[in-house]
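# Reading the structure
Chain by chain, the residues run as shown.
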4 protein chains.
Amino acid sequence: MINGDDIMIYSFANDYSEGAHPKVLETLVNLKEQNKGYGLDKHSKNVQTLIRKLTKNNRLHTHILPGGTIVNLTFIAAVLRPFEAVISPDTGHIAVHETGAIEATGHKIIACPSTNGKLDAETIEKVVLEHTDEHMVKPKMVFISSATEVGTIYYKDELIKIREICDKYQLLLYLDGARLANALVAEDNDLDLVTIAELCDAFYLGGTKNGLLFGEILVIINPKLNEDFRFMIKQRGGLSAKGFVAAVQFEAFLKDDLYLDLARNANEMAQKLQKGLLAKNLEMAYPSSTNQIFPILSDELIAKLQKKFLFNIQEKKPNNKHVVRFVCSWATKEKAVEALLKEIS
Amino acid sequence: MINGDDIMIYSFANDYSEGAHPKVLETLVNLKEQNKGYGLDKHSKNVQTLIRKLTKNNRLHTHILPGGTIVNLTFIAAVLRPFEAVISPDTGHIAVHETGAIEATGHKIIACPSTNGKLDAETIEKVVLEHTDEHMVKPKMVFISSATEVGTIYYKDELIKIREICDKYQLLLYLDGARLANALVAEDNDLDLVTIAELCDAFYLGGTKNGLLFGEILVIINPKLNEDFRFMIKQRGGLSAKGFVAAVQFEAFLKDDLYLDLARNANEMAQKLQKGLLAKNLEMAYPSSTNQIFPILSDELIAKLQKKFLFNIQEKKPNNKHVVRFVCSWATKEKAVEALLKEIS
Amino acid sequence: MINGDDIMIYSFANDYSEGAHPKVLETLVNLKEQNKGYGLDKHSKNVQTLIRKLTKNNRLHTHILPGGTIVNLTFIAAVLRPFEAVISPDTGHIAVHETGAIEATGHKIIACPSTNGKLDAETIEKVVLEHTDEHMVKPKMVFISSATEVGTIYYKDELIKIREICDKYQLLLYLDGARLANALVAEDNDLDLVTIAELCDAFYLGGTKNGLLFGEILVIINPKLNEDFRFMIKQRGGLSAKGFVAAVQFEAFLKDDLYLDLARNANEMAQKLQKGLLAKNLEMAYPSSTNQIFPILSDELIAKLQKKFLFNIQEKKPNNKHVVRFVCSWATKEKAVEALLKEIS
Amino acid sequence: MINGDDIMIYSFANDYSEGAHPKVLETLVNLKEQNKGYGLDKHSKNVQTLIRKLTKNNRLHTHILPGGTIVNLTFIAAVLRPFEAVISPDTGHIAVHETGAIEATGHKIIACPSTNGKLDAETIEKVVLEHTDEHMVKPKMVFISSATEVGTIYYKDELIKIREICDKYQLLLYLDGARLANALVAEDNDLDLVTIAELCDAFYLGGTKNGLLFGEILVIINPKLNEDFRFMIKQRGGLSAKGFVAAVQFEAFLKDDLYLDLARNANEMAQKLQKGLLAKNLEMAYPSSTNQIFPILSDELIAKLQKKFLFNIQEKKPNNKHVVRFVCSWATKEKAVEALLKEIS
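Residues numbered from 1 in each chain as written. Chains lettered and ligands numbered in written order. Predicted model: local features only at pLDDT ≥ 70, side-chain atom pairs only at ≥ 80, totals over all residues. Heavy atoms only, no water.

### Quick word on the domain arrangement of chain A
The parts lose accessible area when they come together, and the size of an interface is often stated as this lost area. Residues and elements named next belong to chain A. We apply this condition: Domain segmentation is taken from an automatic or database assignment of domains. Any two residues whose heavy atoms approach within 4.5 Å at even a single point are treated as in contact. Buried area is understood as the total, over both parts, of accessible area removed when two parts are fitted together, assessed with a 1.4 Å probe. For this analysis, a salt bridge means a side-chain nitrogen from Lys or Arg found within 4 Å of a carboxyl oxygen belonging to Asp or Glu.
Each domain of chain A was delimited in the assignment, giving domain 1 (2–18 + 258–344) and domain 2 (22–256). Opposite the 21 residues of domain 1 that make contact, domain 2 presents 30 residues. Of the roughly 2100 Å² buried where domain 1 meets domain 2, counting both sides, 57% is carbon and sulfur surface. When residues of domain 1 are sorted by the area they lose upon contact with domain 2, Leu-258, Tyr-259 and Ser-289 head the list and together hold 33% of the total. Where domain 1 meets domain 2, there are 1 salt bridge.

### A few points about the sheet that holds strand E8 (residues 202–206) of chain D
Residues and elements named next belong to chain D. How we decide: Each pair of strands is called paired provided DSSP finds at least two bridges between the two strands. Under the scheme used here, helices are H or I runs from DSSP no shorter than 4 residues and strands are E runs no shorter than 2 residues, and both carry numbers assigned from the N terminus. A fitted line through C-alpha atoms represents every axis, and for helices the fit uses only the stretch in contact; the resulting angles, taken between N-to-C directions, go from 0 to 180 degrees.
Within the open sheet, the 7 strands sit side by side as E3-E9-E8-E7-E6-E4-E5. Their pairing is mixed. Of all the strands in the sheet, the pair left with one neighbour each is strand E3 (61–65) and strand E5 (109–112). The sheet shows a mean angle of 25° between the axes of neighbouring strands, direction not considered. In terms of strand pairing, strand E4 (residues 84–89) meets strand E6 (residues 138–145) through 4 bridges, oriented parallel. Bridged to Glu-84 within E6 is Lys-138.

### Digging into the interface of chain A and chain B
Note the threshold: When residue character is reported, Ala, Val, Leu, Ile, Met, Phe, Trp, Tyr, Cys and Pro are called nonpolar, Asp, Glu, Lys and Arg charged, and the others, Gly included, polar.
Across the boundary between the two partners, chain A contributes 48 residues, which contact 48 residues of chain B. A per-residue breakdown of the area chain A buries against chain B is headed by Tyr-16, Gln-34 and Lys-242 of chain A, which together make up 20% of the total. Joining chain A to chain B, the criterion identifies 0 salt bridges. Listed by contribution, the elements that provide at least two residues to the side of chain A that touches chain B are strand E1 (2–3), strand E2 (8–11), helix H1 (22–29), helix H3 (68–79), helix H5 (101–104), helix H10 (229–235) and helix H11 (243–254) of chain A. Its residues placed into classes, the side of chain A that touches chain B shows 23 nonpolar, 17 polar and 8 charged.

### Some points on helix H7 (residues 156–168) of chain C
To keep things clear, this is the line we draw: Here, expected helix span is obtained from the residue count minus one, scaled by 1.5 Å.
Between its first and last C-alpha atoms H7 of chain C spans 18 Å; for 13 residues at 1.5 Å apiece the expected length is 18 Å, and the two agree. Contacts made by the buried residues of H7 of chain C are with helix H6 (121–130), strand E6 (138–145), strand E7 (172–176) and helix H9 (193–199) of chain C.

### Comments concerning the environment of Ile-94 of chain B
Residue and element names in this part refer to chain B. What counts here: Only protein chains enter the area calculation, which uses a 1.4 Å probe; residues under 20% of their type maximum are buried, those over 50% are exposed, and those in between are partly exposed.
Considering the arrangement of structural elements, one finds Ile-94 in helix H4 (residues 93–96). When its relative accessible area of 1% is taken as the criterion, Ile-94 is described as buried. Here the alpha-carbon distance between Ile-94 and Asn-72, two residues 22 residues apart in the chain, equals 7.7 Å. Ignoring sequence-local partners within four residues, the contact set of Ile-94 consists of Asn-72, Ile-76, Val-86, Ser-88, Ile-102, Ile-109 and Phe-143.

### Some remarks on the sheet that holds strand E6 (residues 138–145) of chain A
Residues and elements named next belong to chain A. With respect to topology, 7 strands assemble into an open sheet ordered E3-E9-E8-E7-E6-E4-E5, the strand pairing being mixed. If you trace the sheet from one side to the other, it starts and ends with strand E3 (61–65) and strand E5 (109–112), each paired once. Neighbour-to-neighbour, the strand axes of the sheet open up by a mean angle of 25°, direction not taken into account.

### Overview of the packing of aromatic side chains
This is how it is decided: When two rings of Phe, Tyr or Trp (its six-membered ring) have centres within 6.5 Å they constitute a pair, described as stacked for plane angles under 30 degrees, edge-to-face for angles over 60, and tilted for the intermediate range. Charge over a ring is defined by NZ of Lys or CZ of Arg lying within 6 Å of the ring centre and within 35 degrees of the ring normal.
Applying the stated criterion across every chain, the model contains 50 aromatic pairs over all chains. Relative to Phe-214 of chain B, the ring of Phe-214 of chain A lies with its centre 4.6 Å away and its plane at 50°, an arrangement referred to as tilted. In this pair, Phe-214 of chain A sits in the loop between strand E8 (202–206) and strand E9 (216–220) while Phe-214 of chain B sits in the loop between strand E8 (202–206) and strand E9 (216–220), so the two residues belong to two different chains. When its relative accessible area of 10% is taken as the criterion, Phe-214 of chain A is described as buried. Taken together through their ring pairs, the aromatic side chains of Tyr-10, Phe-12, Phe-309, Phe-311 and Phe-326 of chain A make up a single cluster. Cation over ring: Lys-118 of chain B sits above Tyr-154 of chain B, and NZ or CZ is 5.7 Å from the ring centre.

### Considerations on the interface of chain C and chain B
On the chain B side, the residues contacting the 21 residues of chain C number 21 residues. In total, about 2000 Å² of surface goes out of reach between chain C and chain B, with carbon and sulfur atoms giving 55% of it. Contact with chain B buries area across many residues of chain C, yet Phe-83, Glu-134 and Phe-231 of chain C alone supply 34% of it, more than any other trio. Taken together, chain C and chain B are joined by 4 salt bridges.

### Comments concerning the relation of the copies chain C and chain B
Quick note on the threshold: Copy-to-copy superposition: least squares on the C-alpha atoms, limited to residues that have pLDDT of at least 70 in both copies.
When chain C is fitted to chain B, the best match, at an RMSD of 0.0 Å, comes from turning it 180° and sliding it 0.0 Å along the axis. On the angle and the small slide along the axis, the relation comes out as a two-fold axis. Closest approach to the rotation axis within chain C is made by the C-alpha atom of Arg-81 of chain C, at a distance of 3.8 Å. Comparing interface residues between copies, 100% of those in chain C also sit at the interface in chain B, which points to an isologous, same-surface contact.

### Examining the relation of the copies chain A and chain B
Overlay of chain A on chain B (RMSD 0.0 Å): rotation 180°, translation along the axis 0.0 Å. Residue by residue, 100% of the interface of chain A is reproduced at the interface of chain B, so both copies engage with the same surface.

Pasting the structure below:
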């Protein structure tokens, strides 16, 4: 519940409006020892060990940074030469919602048509072939998110095809995993961390939107891309003096699959809400299987719901309708979902 | 105590090796409500109100960012045009220890000779006068830290003179306050937040090195410099989705002057250590009155101390000696100081 | 004629394959006196005076730079804050053919749908309204070219409407005039330099593609945008030590409307070619009225023409056809046009 | 002679106040054929062939750019990763007189103490050893100029020692040759282009200050550094559409050692002036053997000379004296030198 100026309203606006899960907080309360600074502590090393086990890859490197935008900009700026560009779906977070963070590091984003938030291999190849000489940027990286910004996920065959195109044209493949746990526990998911680590050059596993106070684990699989990477983290302001503060949270997060349990609650609540809305004959703008859903509502209904709930209006539709976004989190309770559904006759 | 590979050793290496003060952690454990994202929550607003009271300035703006480097680079990049440069003491954090973070935003740092980590007004004027035309960068900002990187602090008359030079040449004055609380409670201090807010265009008050999990409050006094500043924070990756997580920590920090109490412990422990070392006829490289001290020790003594303590070696001196740095924190216990002194015959 | 490896072929590939017009060269041969460096010479001042007369604006400033890309990147980087973006047609030179030069200065280009290479006011407004908060870049400049990259030109009513939208949303209007002289002498043109200077915040008048050895005159009308601009030119590498070398060329160029005469030849030759092709029932991809034309040719015909002529293939079309580009210049002779037409049965 | 507002005065202010040598201009007047754009023409290739012969290195690559600053910034930005820095003498052009051009590409310049404008191997090694970890930039390139900014030149043994240090620490060695021809014909010179190409990773040979209208040849010896370099030139605005205009000038420049003859005149005139001044018991601030000399003159004498001559005042000295700079060029006549000497009693 958000305590607004006058009234109490429940927020479906995002998955980062609550603090941290109790098991995560416990690690912070129990932090008594001194730890080395700047991510050189034993907890940060332990997180790397845990990720290596989950991906069955003993040579990858992990770095914990405070948020998704700084992970994206630091990694991309580290691995591209100045004239190299990133291919992204036009709905990609870096293309739309990071205030030009990637361009601010000097790199063009080539925003491409997407379907349900996803790029396909054909589109990537077309872009590469259109960039023919030194008067244009040189496409060098493919950026995708899973779950995507519209709640969908990449399937194994899609990711394999993208990897093949990347190999064909020497492109790097980078996956933004702000909501990767939500993708992994989606009903229609057929990917796991082992496969993702085999197919990508790097990805990140998000904590901020899945029950931590803050923090994302950047996983660099391609060892060449990890060379001197800590210089970049420091230069861009992402090297936390108390790196162990995020690391202990991630230890709890990865232990006993807590990260999957938290994502599962978020997905289940959102899917319950989606089913309820579909049962009321409301249409969805995108076929989400994760914790963000996108119903198309009449402006009248939107106005009614806004009295009791917080959520974002995304996009205008014909006939006085809008696409709205409802997001559930690790902390969303069933009764909140039920309360919302009850408002809709 | 740091748990090394084999043995337990106590760290005087920095003031960010412990977690957070219990009163700070309590706020996180008590976070039950939902909050708006990206620093638009009531706790973040409350921090601004608290800073306005402490500075007796109702028009300033505050922004909470995760760490000092990202505060520095975001603020400097926001307010300078591409050819404008920052005047800094050659010991300044931005000049030496931020991996070229400011240059990475496109701006030259003009590193100047300093005495005990401090710039003086004459040096600033000399630099301005040397920059005569468009073939050279245009000096536009003065960067200082208090406490400085060598534990000293600026006095009121020094800061007034620097402000006068800044006014004379239309320079902005920006103070890095990673250890500002330590300066405020130093025995020789004659400045307060009201005066600092009167003399500077902006400063930041550090939390990471003074008992929080993380976080710094950037205080922008000059309202023109605050225009569209949130775009910059987002672009550089410093806009935390869960901004309220740092904000609630700062509420506890500022309440009942906890921030001064924490800094006082750090200073007292370091000064006790300094007095003990002076009593053993050891020399100091800089006249620190805060929580970092810089004795000149023989290499033999250094080797002995390294068996039980962690600390940084700064600089070579003649006759097989080095300047070392001992740092105490809000959490340093008297017995640790005594144990170190005991090792020195 | 280009002297290829074996044979002599005539180039319609661009308008910069010849040296300079004899009247231009004469100024260089006659350069006997010493001149001040870095564009502070009397010839550079004279160019400013000439432009002020042509635009009836006595307060504007001119700067001569060596080429179009460096004009664009220097001006845009000088006037935008880091999070501010440029609205450009998707065919705009900065969006496609400058290797990410604008992004390399840190700024996003918002590439918009265009018709015949032109932006319209409605599109600009739509883009502005979609950019709602600090999670997205802030649109701040509109970039257009005239003549456009596809040979079309802006009309007075179009430019007035764009100016109105710019005023409504505090956007800067900047016109890339690499081929501005070609636009001014087009048959359908209804704009003059006076009106352009009234409606734009800045524009440049190109010399490289219109008979000079090199050089473009950037005209900054809005005096606020000229502040400290020479620092920017120097920083980006565009401040020629011998600035007078371009200035004397521009003196000849502007004298007795030589620049219009040169553009007129280019347009007339291209339009003659276009008419000839239309008479042979060939279709044009864009309705050009300037010196670049874009016929759609069969691949068979293209192969035949390539044996005797140099030109660029732009875009694939159905039924084994491609759009090609033929460009005429100040130096194109009628017999070259006739020779090409003769090849087409 | 510069034609000032009222009077005619002779300029010793620089070596770029005259146009181009007649043999250079002749190539432009004779340019009748069409040429390919963007430096892909036969003249540009021919320049590469000529440089390969002069250096006896058949694998190097050359690129012609319009001026020194854009050569420096384009090359440095192309070959360094974002956190890598350039070691430069504190008198280096990039460190002082390029308006932060290198920092604007994101890279720190580590300005080092120099003697007579020169860096030595010991200083470089000291800097490298001081940069110990990811909290500091990573030194990766050594920048030197010959002739230096104070008229001195590097000797073979000095350059060999610098190369050895570069090899020891994997540093790139880059030589700014704006006045390289002046160094090559200096009386005390013991280097040639063959040796320079053996010892450096890249250098440039300047034309602007030695009798061309404009232009510098960047010579990239290390082939790895040449990868995709044309993308960088285009992105930074240095890829001239009419690249052949500079290329034909350089063909004349390199033919029959014209470049050496032009530099020889500049050196001889400056050295004649220096000898004349020394004979009048005037002191020199630096031991120049090239075309820039730096006498220390009384303010009274300076005021007298300023009535008839243009020159720069560099630096204040005790006893009402200043260091001034007199520069001679390829076009300086003996009578100008004599006229100046005559003014000094």
